[in-house]
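Examining the three-dimensional arrangement
Here are the chains, one letter per residue:
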Amino acid sequence: MPSAESQEPIIGIDLGTTHSLVAVCDGAGPRVLEGPSGERLLPSVIRYSQGLVSAVGSDARRRAAEFPRDTILSAKRWMGRSFAEAQALGSGFEFGIVEGPRGLAALHAGGATVLPQEVAALILAELRSWAERSLGRSVRKAVVTVPAYFDDGQRQATRDAARLAGLEAVRLVPEPTAAALAYGLGRRAQGETIAVYDFGGGTFDVSVLEVTPDDGSGTGAMFRVLATSGDTQLGGDDIDRMVFERLLGEAGLGSSNLAGAGLAPAARQALRDFAESTKIALSSKESAAVDVDLGGGVRLTRSVARSELEEIARPFVERTLELCRRALQDAGSPHLDRVVLVGGSTRMPMVRHEVARLFGVEPYTALDPDLVVALGAAVQGALLGGVRRDALLLDVIPLSLGIETVGGAVAKLLMRNSSIPAQAREMFSTSVDNQTAVRLHVVQGEREMAADCRSLARFELRNLPPMPAGIPQVEVDFTVDANGVLQVRAAERRSGQRASVQVVPTYGLTTEEVDRMERESLTHAREDMRRHRIVDLAVNAALDVKWIGDALERVREGLDAAVVDSVDQELHRVRGFIALTKTAPESVDANAFHQAKESLDRASVPVHEAAIAASLRAEQSRPQAVQSAQQESGGHTPRSDS
Ligand code: AMP
């Protein structure tokens with residue numbers, strides 16, 4: 001077995017609607033990796049300005065109310081969705097949803113129009129850099145988690161996002177399965193049936209799994225998913241939105257769709273943040289005070305009781321329970337040994353209570369619901385990389401896969417909850433005499449008519465010899481690999497004609513698009529950040545140059561010639577960078593510029609000292625009123641440059 005150290009690490013990433021995490025699992029077990037400031041949660045939030053990325057993560061989240069139209073939140077909700085679907089869902093935020101290439105949903109903020117997978121790629125790239133920093137080596141492979149109920153298009157979008165971030169998604173693991181993996185290994189899996197109830201910010205998933213203990217045969221503990229169910233558009237965000245709308249209504253600003261259209265975007269985003277923090281406060285308190293100034297003389301002051309929040313949240317919680325009942329039924333109504341809670345929304349006492357009531361077991365809460373998915377993904381990474389061999393994961397297809405037949409009905413080849421990898425084959429024929437081509441339409445979903453299912457791909461089997469209707473024997477073969485990626489093959493037996501597709505979902509990206517975006521998007525993102533940094537540097541450096549230059553002229557005479565020389569040289573160097581920023585910004589090396597500015601700041605210390613001493617001397621010989629005016633004009637505030 002290769003040692004943990006010699007293996008290229010496969011990190012585990014929980015790409016969440018509201019925040020994301022990265023973890024790794026080595027000989028010492030799974031652990032979450034930290035960002036540069038010791039933080040473990042990266043808000044899944046990006047800010048753009050003038051078409052460029054200007055902040056990633058916590059800065060973007062913290063200042064969302066300040067830059068409401070420049071900030072993209074919850075991008076995961078629109079991953080792999082068409083513009084029409086996204087429009088029907090509504091944004092609920094201040095950024096725009098526009099039509100992207102081939103009817104895809106694109107997001108518009110701060111002068112940039114991007115696909116949700118490009119936003120996700122920036123989050124993944126940031127986590128990748130956290131991991132590289134912590135591990136001290138380059139990282140190119142990751143296990144990325146997805147909601148169990150993500151369809152093929154949404155999974156493909158996640159895979160594309162990883163690729164744009166320079167990561168190979170070696171496996172996509174459903175979030176509840178990852179949680180079970182973290183949980184099972186921690187408990188040394190004892191042969192149990194468990195349910196994982198995962199209620200996050202934007203999605204809800206439930207899975208029922210059977211965990212078989214290690215029997216010593218070498219495969220390790222076995223995690224078999226018996227059934228899974230969920231809703232990719234159901235989460236804590238929905239509760240926030242209802243609280244927000246109720247507060248708006250009380251302020252006399254309400255309207256359901258154009259929520260608070262009369263309110264400034266910043267006030268709307270601030271009220272949204274406020275709605276969420278009130279909800280969170282009510283998980284630990286019976287009531288919370290609301291006191292928000294909405295501007296324009298509108299102020300909202302009142303208290304919200306937990307029971308009122310529960311009344312608002314009830315329809316959403318009921319919907320999760322309904323999906324749990326379905327998953328239990330699909331799993332054959334087993335006796336449950338344990339229920340594991342995952343996702344921030346499970347911190348609501350009402351959710352815990354209702355889940356306990358439905359499943360008849362007290363929920364297991366020993367694991368931190370924020371970390372457990374990332375830890376499980378890291379365990380799966382270790383299993384795939386051969387670092388660990390103590391468990392085996394058997395997953396399922398979340399939604400049935402089939403082919404559209406005559407009249408628009410669906411012939412299901414693989415039923416939902418079939419274990420993967422999976423394969424199925426079925427024979428079809430023609431309905432018209434002398435048909436020389438057969439069109440195949442691959443769909444995913446539980447509904448009976450293709451129009452009600454999700455369209456995954458269309459392809460054609462051509463050049464068939466003319467035959468009477470019903471004579472050709474078209475064999476259609478579905479193969480789903482361990483990642484849940486579908487390959488469809490079709491062959492006409494009599495003539496030997498063949499055709500196949502690797503399913504690129506209708507609302508996924510084509511290979512060429514991914515290639516182009518990979519070239520453009522990430523380099524652009526880096527270039528955006530670099531340009532932003534250079535612009536900031538140039539602005540700050542110009543102020544430094546002016547102040548240091550002026551001060552130097554005032555005190556030049558009294559300074560050591562070597563000091564004057566060195567400050568002159570540093571000034572010259574920084575002025576050069578400033579000029580280059582204007583004439584040829586693409587050729588500016590941001591790090592060299594930063595160093596030159598720092599070096600100027602260091603060299604100018606004696607100038608500062610001499611200038612302060614000179615102004616003190618001047619103060620002593622001048623009347624009071626002039627003194628303060630002098631001090632103000634000489635004020636120099638340190639500025640950050642990135
Ligand atoms: P996740 O997607 O797992 O990160 O969950 C994020 C969701 O959990 C957001 O909707 C949060 O508002 C919600 N959340 C986090 N903490 C709490 C809490 N203490 N009580 C209620 N909801 C919470």
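All figures in this text were calculated on a predicted structure; none of them were measured in a lab. (Residues numbered from 1 in each chain as written. Predicted model: local features only at pLDDT ≥ 70, side-chain atom pairs only at ≥ 80, totals over all residues. Heavy atoms only, no water.)

1. Describing the sheet that holds strand 20 (residues 401–404)
Applicable threshold: If DSSP finds at least two bridges between two strands, the strands pair. Comment: elements are numbered from the N terminus, with helices defined as DSSP H or I runs of at least four residues and strands as E runs of at least two. Think of each axis as a best-fit line through the C-alpha atoms, taken over the contacting stretch in the case of a helix, with angles from 0 to 180 degrees between the N-to-C directions.
An order of 21-20-24-25 is seen for the four strands of this open sheet, with the pairing classed as antiparallel. Edge strands, defined here as strands with exactly one partner in the open sheet, are strand 21 (410–414) and strand 25 (454–461). With strand direction ignored, the average angle separating the axes of adjacent strands in the sheet is 30 degrees. As defined by bridge partners, strand 20 adjoins strand 24 (residues 438–444) across three bridges and the pair is classed as antiparallel. Within the sheet, the bridge partner assigned to Ile 403 lies in strand 24 and is Val 442.

2. Some remarks on the site of the ligand
Rules: The rule for a residue being near a molecule or strand is that one of its heavy atoms must lie within 4 Å of it. Two N or O atoms form a polar contact when they lie within 3.5 Å of each other; inside protein one atom must be a possible hydrogen donor and the other a possible acceptor, and for residues adjacent in sequence the pair counts only when both atoms belong to side chains. Where accessible areas are quoted, they stem from the Shrake-Rupley method and a 1.4 Å probe; at the residue level, only the protein chains shown are allowed to cover. Residue ranges for the domains trace back to a domain assignment, done automatically or taken from a database.
Near the ligand you find 15 residues, and of these His 19, Gly 201, Glu 276, Lys 279 and Ser 283 are the closest. In the environment of the ligand, an oxygen atom lies 2.5 Å from a nitrogen or oxygen atom belonging to the side chain of Glu 276. Between an oxygen atom of the ligand and a side-chain N or O atom of Lys 279, the distance comes to 2.8 Å. Coverage of the ligand by the protein amounts to 87% of the 500 Å² it exposes when considered alone. When contributions to the shell around the ligand are tallied by element, the ones reaching two or more residues are helix 6 (236–250) and helix 7 (265–281). With three residues, the top contributor of residues to the shell around the ligand is helix 7. Mapping the shell around the ligand onto the domain boundaries places at least three of its residues in each of domain 1 (10–235 + 311–396) and domain 2 (236–310).

3. Section: the pattern of salt bridges
This is how it is decided: We count a salt bridge whenever a side-chain nitrogen from Lys or Arg sits within 4 Å of a carboxyl oxygen from Asp or Glu. Per-residue accessibility, obtained with a 1.4 Å probe over protein chains only, is compared with the maximum for each type, and a residue is labelled buried under 20%, exposed over 50%, and partly exposed between these values.
Taken as a whole and assessed by the stated rule, the structure comprises 42 salt bridges. A salt bridge links Arg 272 to Glu 94, with the nearest nitrogen and oxygen atoms 3.1 Å apart. Placement of Arg 272 in helix 7 and of Glu 94 in the loop between helix 2 (83–89) and strand 8 (96–99) is noted, with a sequence separation of 178 residues between them. Its relative accessible area of 11% is what places Arg 272 among the buried residues.

4. Quick word on the environment of Arg 425
As a reminder of what qualifies: Pairs of residues are marked as contacts when any of their non-hydrogen atoms sit within 4.5 Å.
You can see Arg 425 is positioned in strand 23 (residues 422–428). As a C-alpha pair, Arg 425 and Leu 414 span 11 residues in sequence and 9.1 Å in three-dimensional space. Beyond its immediate sequence surroundings of up to four residues, Arg 425 is in contact with Leu 413, Glu 475, Val 476 and Asp 477.

5. With respect to a nonpolar patch on the surface
Note the cut-off: Only residues whose relative accessible area exceeds 30% and that form no salt bridge enter a patch; like-charged residues are grouped when within 9 Å of one another, and nonpolar side chains (Val, Leu, Ile, Met, Phe, Trp, Tyr) when within 5 Å.
A surface patch of nonpolar side chains, amounting to about 260 Å² of accessible area, comprises Val 535, Val 539 and Leu 543. Residue placement: Val 535 occurs in helix 11 (residues 511–555). Under the relative-accessibility criterion, Val 535 is labelled partly exposed at 49%.

6. Some points on helix 8 (residues 306–330)
Put simply, the rule is: One less than the number of residues in a helix, times 1.5 Å, gives the span that helix is expected to have. The angle separating two fitted axes, one through the seven residues that finish at a residue and one through the seven that start at it, defines the bend at that residue.
Along its 25 residues, helix 8 runs 34 Å from first to last C-alpha, staying within 8% of the 36 Å computed at 1.5 Å per residue. Most pronounced at Ala 313, the bend in helix 8 amounts to some 50 degrees, and the proline Pro 315 follows within four residues. The first or second residue beyond helix 8 is Gly 332, which carries a positive phi of 85 degrees.

7. With respect to the pairing of strand 26 (residues 474–480)
With respect to burial, strand 26 is a largely interior element, six of its seven residues being buried. Sheet topology places strand 26 next to strand 27 (residues 486–492); seven bridges connect them, and they run antiparallel. Within strand 27, the residue paired with Val 474 across the bridge is Glu 492.

8. Some points on the packing of helix 3 (residues 116–135) against helix 4 (residues 152–164)
Which entries qualify depends on this criterion: Should an angle lie under 35 degrees it is considered roughly parallel, over 145 roughly antiparallel, and from 65 to 115 roughly perpendicular; all remaining angles are considered oblique. Here a crossing is called left-handed whenever its near helix is offset anticlockwise from the far helix by less than a right angle, and right-handed whenever the offset is clockwise. Three classes are used, and their members are as follows: Ala, Val, Leu, Ile, Met, Phe, Trp, Tyr, Cys and Pro are nonpolar, Asp, Glu, Lys and Arg are charged, and the others, Gly among them, are polar.
Running from amino to carboxyl end, helix 3 crosses helix 4 at an angle of 50 degrees, the nearest separation of the two axes being 8 Å. Here helix 3 lies oblique to helix 4, going by the angle between them. When the axes of helix 3 and helix 4 are compared, the crossing they make is right-handed. Contacts between helix 3 and helix 4 involve Gln 117, Glu 118, Ala 120, Ala 121 and Leu 124 on the former and, on the latter, Ala 157, Ala 161, Ala 162 and Leu 164. Taken together, the residues that form the contact of helix 3 with helix 4 break down as seven nonpolar, one polar and one charged.

9. Points about the nonpolar core
Side chains that are nonpolar tend, in soluble globular proteins, to be buried together. This is how it is decided: In plain words, nonpolar cores are sets of buried Ala, Val, Leu, Ile, Met, Phe, Trp, Tyr and Cys residues tied together by side-chain atoms within 4.5 Å.
Ile 13, Tyr 48, Ile 72 and Leu 107 are the most contacted members of the largest nonpolar core, which totals 51 residues. Looking at this core, the element that brings in the most residues is helix 3, giving nine residues. Other than its neighbours up to four places away in sequence, Ile 72 contacts Ser 44, Val 45, Ile 46, Tyr 48, Phe 95, Leu 107, Ala 109, Val 114 and Val 119.

10. A short note on helix 4
Its 13 residues give helix 4 an end-to-end C-alpha distance of 18 Å, which sits within 8% of 18 Å, the value for a rise of 1.5 Å per residue. Across the 13 residues that make up helix 4, a large majority, 12, are buried. Looking at helix 4, one finds that the buried residues are Asp 152, Gly 153, Gln 154, Arg 155, Gln 156, Ala 157, Thr 158, Arg 159, Asp 160, Ala 161, Ala 162 and Leu 164. At the N-terminal boundary of helix 4, the capping side chain belongs to Asp 151, with an oxygen 3.0 Å from the backbone nitrogen of Gly 153. In the stretch just after helix 4, Gly 166 is the one whose phi turns positive, near 75 degrees.

11. Some remarks on the packing of helix 6 against helix 8
Interaxial distance between helix 6 and helix 8 falls to 9 Å at its minimum, and their mutual angle equals 130 degrees. As summarised for this structure, helix 6 and helix 8 are arranged oblique, according to the angle between their axes. Helix 8 is crossed by helix 6, and the crossing has right-handed handedness. Residues Asp 238, Ile 239, Met 242, Val 243 and Arg 246 of helix 6 pack against Glu 308, Leu 309, Glu 311, Ile 312, Ala 313 and Phe 316 of helix 8. Partitioned by chemical class, the residues of the contact of helix 6 with helix 8 number seven nonpolar, no polar and four charged.

12. Quick notes on unusual backbone geometry
Residues other than glycine seldom take positive phi values, yet Ser 333 does so here, at roughly 45 degrees. Position of Ser 333 among the secondary structure elements: in the loop between helix 8 and strand 18 (338–342). For Ser 333, a relative accessible area of 54% translates into the label exposed. Backbone geometry places Asn 434, a non-glycine residue, at a positive phi of 55 degrees. Structurally, Asn 434 is set in the loop between strand 23 and strand 24.

13. Remarks on the confidence of the model for the protein
Test applied: A residue's pLDDT is the predictor's confidence in that residue, given on a scale from 0 to 100.
Taken as a whole, the protein shows an average pLDDT of 84; of its residues, 85% reach a score of 70 or greater. Considering each helix and strand of the protein separately, the mean pLDDT is smallest for helix 15 (residues 624–633), with a value of 37, and largest for strand 4 (residues 42–43), with 98. Contacts from residues 1–5, a stretch scored under 50 in pLDDT, to residues over four places away or in other chains number 12 contacts. Throughout residues 624–642 the model reports pLDDT below 50, and contacts reaching past four residues in sequence, or to other chains, amount to 20 contacts.

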